[in-house]
Amino acid sequence: MIYARKSVVGGDLIGFDTDLSVIGAFQIVENGVTELMAKLKIDGITAKKLYNAMWVYTKNRIKRIKPVHWGEEYTVESFITGFSLVKLNIETAIRNSKGEIAVYSKTELCALDLETGRIRKTSTVGVDDKIEKEQSLMEVAFTKFGDTAFSQAERAIVRSTNIDFCRHTNNVEYVRFMLNTYSVEELEKRPIREIEVCYVNQSFENDELQICKSSDHERDILKIKKEDKTVVDCEILREA
């Protein structure tokens, strides 16, 4: 099944250049993923009500290929490309008004038991062989970031507006925290072309997070920590 929906790039989705922003792309992908899962009756709210479980993002990699302008019509297409004992993979294409793929995402999710916090089998939260799998439209590989030396770039306090219905920090909010370590000038000179976020642990309201960063010419590696525990790892590739 391919879930598709048309919309228009609104003011809440653009950045300083009036094109679809990185945050806007993450928001569209999140909506596409959750709306597809709702159509299949395996979404987070259903998982909470029926199975005492919640879905969490484990990885998300987004490629920015072409700009999508303010006021331009776009189409979001989300579809399942595979699932295993404990993981679900959903890919999302955002097409511009010409039908070209402008943004492409690969998202990996798993389900957690609300009582124990342990990973649940996908078969226990409604995922079975009746679910149709689609072919990928683009090759997207998750990477291993390796060890690197970090310096603290920013700190953030998780507030009520960062919290989603699972009562933990929403996945897009971590992206916002990390992008705030860049200036407008830095992003204007070298726009982000690709970003991967690995969600390692959860954080909650009033948690203090440290955003650490290591940069070289080709890529930036970021880490969000809560005390001595890694919450998020991230790789950002920018234009040369």
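Residues numbered from 1 in each chain as written. Predicted model: local features only at pLDDT ≥ 70, side-chain atom pairs only at ≥ 80, totals over all residues. Heavy atoms only, no water.

### A look at the overall build of the chain
Then comes step 1: On a plain count of helices and strands, the chain comes out with four helices and 11 strands.
Then comes step 2: Seen through its C-alpha atoms, the chain measures out along the principal axes to roughly 50 × 45 × 30 Å.
Then comes step 3: Expressed as a percentage of its 240 residues, the buried residues of the chain come to 50%.
Then comes step 4: Expressed as a percentage of contacts within the chain between residues at least 6 apart in sequence, the contacts between residues at least 24 apart total 73%.
Then comes step 5: For the chain, the accessible surface area stands at approximately 12100 Å², while carbon and sulfur atoms represent 47% of it.
Then comes step 6: The average position of the 35 basic charges and that of the 39 acidic charges among the side chains of the chain differ by 3 Å. (Helix = DSSP H or I, 4+ residues; strand = E, 2+ residues; numbered from the N terminus. Buried < 20%, exposed > 50% of the residue type's maximum accessible area, 1.4 Å probe, protein only. Contact = heavy atoms within 4.5 Å. Areas by Shrake-Rupley, 256 points an atom, 1.4 Å probe, with all protein chains shown as cover. Lys, Arg positive; Asp, Glu negative; His and termini not counted. Charge placed at Lys NZ, Arg CZ, Asp CG, Glu CD.)

### What to know about the packing of aromatic side chains
Then comes step 1: Applying the stated criterion to the full structure yields three aromatic pairs.
Then comes step 2: Each ring, one from tyrosine 57 and one from tyrosine 199, has its centre 6.2 Å from the other, and the planes form 85°; the classification is edge-to-face. Here tyrosine 57 is found in strand S2 (residues 53-64), whereas its partner tyrosine 199 is found in strand S8 (residues 192-199), with 142 residues between them in sequence.
Then comes step 3: Of the residues examined, tyrosine 57 reaches a relative accessible area of 12% and is grouped as buried. (Phe/Tyr/Trp six-rings, centres within 6.5 Å; stacked < 30°, edge-to-face > 60°.)

### With respect to the side chain of arginine 120
Then comes step 1: As for its placement among the helices and strands, arginine 120 is situated in strand S6 (residues 119-120).
Then comes step 2: With relative accessibility at 15%, the residue arginine 120 sits in the buried group.
Then comes step 3: Among the polar contacts listed, one links the side chain of arginine 120 to the side chain of threonine 124, at a separation of 3.0 Å.
Then comes step 4: Non-local contacts of arginine 120, meaning those with residues more than four positions away in its chain, are made with Tyr51, Asn52, Ala53, Leu85, Val86, Ala111, Leu112, Asp113 and Val125. (Polar contact = N/O pair within 3.5 Å; in protein donor to acceptor, adjacent residues only side chain to side chain.)

### Focus: the nonpolar core
Then comes step 1: In this structure, Phe26, Trp55, Val175, Ile195, Val197 and Ile224 are the most contacted members of the largest nonpolar core, which totals 55 residues.
Then comes step 2: The element contributing the most residues to this core is helix H1 (residues 22-39), with nine residues.
Then comes step 3: Residues in contact with isoleucine 224, not counting those within four places in the same chain, are Tyr174, Phe177, Met178, Leu209, Gln210, Ile211, Lys229, Thr230, Val231 and Val232. (Core = buried A, V, L, I, M, F, W, Y, C linked by side-chain atoms within 4.5 Å.)

### Examining unusual backbone geometry
Peptide bonds are, in most cases, trans, and in most cases residues other than glycine have a negative phi.
Then comes step 1: Backbone geometry at asparagine 52 places phi at a positive 55°, although glycine is not the residue there.
Then comes step 2: The backbone of arginine 167 shows a phi angle near 65°, a positive value even though the residue is not glycine.
Then comes step 3: Take arginine 167: it is sitting in the loop between strand S7 (151-157) and helix H3 (171-179).
Then comes step 4: You can call arginine 167 exposed: its relative accessible area is 64%.

### Remarks on the packing of H1 against H3
Then comes step 1: Remark: H1 packs on H3, axes separated minimally by 10 Å, with the N-to-C direction vectors making an angle of 170°. With respect to H3, the element H1 is oriented roughly antiparallel. Of the residues in H3, those touching H1 at Val22, Ile23, Phe26, Gln27 and Glu30 are Asn171, Val172, Val175, Arg176 and Leu179.
Then comes step 2: Among the residues making up the contact of H1 with H3, the classes are represented as six nonpolar, two polar and two charged. (Axes fitted to C-alpha atoms, helices over the stretch in contact; angles between N-to-C directions. Parallel < 35°, antiparallel > 145°, perpendicular 65-115°, else oblique. Nonpolar A, V, L, I, M, F, W, Y, C, P; charged D, E, K, R; others polar.)

### Examining the pairing of strand S4 (residues 88-95)
Then comes step 1: Of all eight residues in S4, seven are buried; the element is thus mostly enclosed.
Then comes step 2: Sheet topology places strand S3 (residues 73-83) next to S4; eight bridges connect them, and they run antiparallel. Looking at S4, one finds that phenylalanine 79 is bridged to glutamate 91.
Then comes step 3: Taking the residues between adjacent antiparallel strands as the criterion, S3 and S4 are bridged by four residues.
Then comes step 4: Where S4 lies against strand S5 (residues 101-113), eight bridges are found, and the strand directions are antiparallel. Across the sheet, residue alanine 93 finds its bridge partner in S5, namely tyrosine 104.
Then comes step 5: Connecting S4 to the antiparallel partner S5 that follows it, the hairpin turn spans five residues, and glycine 99 within it adopts a positive phi of roughly 85°. (Pairing = 2+ DSSP bridges.)

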